[in-house]
Structure formats: structure tokens, C-alpha cells
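If you want the building blocks of each chain, they are given just below.
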Amino acid sequence: MKQTAVVTAGTAGIGLETALGLASAGLAVTVVGRNAERGARAVERINAAAPAHPAQFLAADLASLDAIRALADRIAADGPLAVLVNNVGAMFADRQDSVDGIEASFAVNHLSPYLLTELLLPALQSGAPSRIVNVTSGATGVAKRAFDVVEPPGGYYGFHWYGRAKLANLAYTLELAGRLDGTGVSVFAADPGGAATDMTNGTMNDPKIVSPGLRLLWPLVRRRFERATSGPASAAAKPSVFAATDGSLTGRTGIVIGPQAQPVAPFRPATDPRIAQSVRHLSQRLAPLAAG
């Protein structure tokens, strides 16, 4: 029986390498991205490896809530879903809004995977045993931990706000795992560590993406970050592929897979039920399941 997998932002970098890994594991893979040309190249590369099932591409702007709703409808129309990898991620040097008027980092890094996941739960439950993999980041360690409002007070610093959005998504991931326990849908977070990707190349050269306090140490921090993100995307994809396919995780849920493709302890604030509750309320308000 054919099992299907969806990888968001799957046309290049870590997402494409994740899709290649899932295809080699026998899954019928759909990659999602904005650019049709890149999507065609990704499908061609996956299919060149002679997978058991041909890959396909779906175009969607993952920063748009309406586009995510339309994408979910298209995916669900194909029937049961075995694996959903929310690989999408973006960091912005300067503050900007999404098409829905929501701060873009929070919209892309948390609301996008949150909304797509919630809308695809029926398809995932139909495909059970199935898995959800949300890609997280070590940047959660520099995040503000308040989620009563979409934008915390103070200036905009892209690296910290990226980390805050990823913390929101990690808290959501662990809460969702508890909510779905016993349904046959397992939920994991995967930390890729780092790789040279479109997001990291050049972004970290701009010291204004961090707060003034960290800016004093920026030359040292940047060198360490550049070393951490100099590896190949194929290595950074291994935690996601492991979370999505490895037999040792069968029947387990709520686990964070670290950069070495092994379970690790979750970032403690993400396990705080108060943070999870605040994130859920904010997510429901900003990204209702039905278009308003």
C-alpha cells in the first residue's frame, strides 16, 4: 500500500534532502514551495534516484494563511497521509509583515506549520500509524518566553524573534503529542543543528539581527555560528528523516530528535504548560482553522 509524505519548503536545502531521504525509504513524497521552477528541479532530482513512487510538487505561499488552507485541501483530497514534515523556516534581518498583517517570523515559523498540521489531522489519522515532524532550532535559547501577544515589547531583533517563533512551535509540538497520544499519530520535533542554506547564507553577517547586549560579542558568536552552519544539508536532514521513518520510534511520541539523529531532552521552557497554553490561545486567534 502506498504511503504518502509531505515536506514543506522541500524544493532545496534541508527540505529537499529530507524529501530524498523519505523517498528512499519508500514513501510517495510531495514537496511544497513557492517557486514552480525550483519545484520541478526538486521533483526531477528525487525521481532520478528511481524511488518506489514518483514525487510531486505543490505550489503554495507558506506565509499566507489562505494559501495554507488551500494547500491543506489539496493534500487531503489525495487521501490518507503517513508523514508530514513541517520544514519551513525563515529569518528576517528587518521586521516585516506577512500578507495577513502578522509579524512574518511568527507567521512563517509557527503559524504556518501550526495551521497546516491542524487542518491535516483528519488525513493523518486516516493514515495512522502516521508521524508529524516539526523542525525546531537551537535559537529557542535566545527567545523571549511571553506569548500573550504576537509581538513582545522592545525592538525587533531577527535572530531572537526567529527563536521565539521556534519556541512557540516546539511548545505546540509537545502539547500536540500529548493531545494525540493514543490516536496512532506520533509527533516529533527535529533539530537539524545547522547547514549552509539560503536562510543562513548572508543573514548572520548583519549584527542588527541580535540584541545590543549580544551584539558586543557578535564577532565571536558569528564565527561559531558560521562553523555550525557550514555542514551539508544532507547531514542536517538526518534528524527529520530519522523522526519520520526510524522503526525505533514506532509507538512513541513527544520526542525531540537532536542534530546527531538521536533523542535529546527538550528545551525546558517548551515543556511549560503555561507557555503551551498561551501559544495555543494566540495561535487559535491569529490562525483560525476556517477562513474568517
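Our subject in this report is the structure included herewith. The model shown is predicted, which means the values in this text are computed figures rather than measured ones.

Spatial strand order, 3-2-1-4-5-6-7-8: 8 strands in an open sheet with mixed pairing. Unpaired on one side and paired on the other, strand 3 (56–59) and strand 8 (263–264) mark the two borders of the sheet. By the bridge criterion, 5 bridges tie strand 1 (residues 4–8) to strand 2 (residues 28–33) in an arrangement that is parallel. In the sheet register, Thr 4 faces strand 2, and the bridge partner there is Ala 28. In the packing of helix 1 (residues 13–24) onto the sheet, the strands contacted are strand 1, strand 2 and strand 4 (83–86), and the crossing angle to strand 1 comes to about 170 degrees.

A few words on the packing of helix 4 (residues 104–126) against helix 5 (residues 158–180). Running from N to C, helix 4 and helix 5 point in directions that differ by 20 degrees, and their axes come no closer than 7 Å. On the basis of their axis angle, the class for helix 4 and helix 5 is roughly parallel. As for how helix 4 packs across helix 5, the hand of that crossing is right-handed. On the side of helix 4, the interface is formed by Ser 105, Phe 106, Asn 109, His 110, Pro 113, Tyr 114, Thr 117, Glu 118, Leu 121 and Gln 125, while helix 5 contributes Trp 161, Tyr 162, Arg 164, Ala 165, Lys 166, Ala 168, Asn 169, Tyr 172, Leu 176, Arg 179 and Leu 180. Across the contact of helix 4 with helix 5, the residue classes tally to 11 nonpolar, 6 polar and 4 charged.

Here the focus is the side chain of Thr 8. By the secondary structure assignment, Thr 8 is in strand 1. Ignoring anything within four residues of it in the chain, the contact list for Thr 8 reads Val 32, Leu 62, Val 85, Asn 86, Asn 87, Val 88 and Leu 116.

Enumeration over the complete set of coordinates arrives at 10 salt bridges. Between Arg 95 and Asp 97 there is a salt bridge whose closest N-O contact spans 2.8 Å. When its relative accessible area of 36% is taken as the criterion, Arg 95 is described as partly exposed. Exposure remark for Asp 97: the relative accessible area of 43% places this residue in the partly exposed category. Here Arg 280 ties to Glu 175 by a salt bridge, and the two come within 3.9 Å at their closest N and O atoms. Of this pair, Arg 280 sits in helix 10 (residues 273–286) while Glu 175 sits in helix 5, placing them 105 residues apart in sequence. Overall, the relative accessible area of 18% leaves Arg 280 in the buried class.

A separate point is the pairing of strand 2. Burial analysis of strand 2 places 6 of its 6 residues in the buried class, which makes it a mostly covered element. Where the polypeptide runs from strand 1 across helix 1 and back to strand 2, its parallel neighbour, the crossover connection is right-handed. Sheet analysis places strand 2 next to strand 3, joined by 4 bridges and oriented parallel. Bridge assignment links Val 31 to a residue of strand 3, and that residue is Phe 57.

Conventions adopted
- All residue numbers refer to positions counted from 1 along the written sequence of the respective chain.
- Only residues with pLDDT of 70 or above have their local features reported here, since the model is predicted, and side-chain atom pairs are shown and tallied only from 80 upward, although totals for entire chains, interfaces and linings are computed over all residues.
- With hydrogens and water stripped out, all remaining heavy atoms of the structure feed into the side-chain values.
- Pairing between strands is defined by DSSP: at least two bridges between them are needed.
- Numbering of helices and strands runs from the N terminus, with a helix taken as a DSSP run of H or I at least four residues long and a strand as a DSSP run of E at least two residues long.
- Note on contacts: a residue pair qualifies if any of its non-hydrogen atoms lie within 4.5 Å across the two residues.
- Only C-alpha atoms enter the line fits that serve as axes; for helices the fit covers just the stretch in contact. Angles between N-to-C directions range over 0 to 180 degrees.
- Here the angle decides the label: under 35 degrees means roughly parallel, over 145 means roughly antiparallel, 65 to 115 means roughly perpendicular, and every other value means oblique.
- Left-handed describes a crossing whose near helix is turned anticlockwise from the far helix by less than a right angle; the clockwise case is right-handed.
- Under the scheme applied, nonpolar residues are Ala, Val, Leu, Ile, Met, Phe, Trp, Tyr, Cys and Pro; charged residues are Asp, Glu, Lys and Arg; polar residues are all the others, including Gly.
- Any carboxyl oxygen of Asp or Glu that lies within 4 Å of a side-chain nitrogen of Lys or Arg is treated as forming a salt bridge with it.
- For the exposure calls, accessible area comes from a 1.4 Å probe over protein chains only, and a residue counts as buried if that area is under 20% of its type's maximum, exposed if over 50%, partly exposed in between.
- The definition of a right-handed crossover adopted here requires that, viewed with the strands pointing away, the path from the first strand over the helix to the second runs clockwise.

Nothing here speaks to function; it is all geometry.
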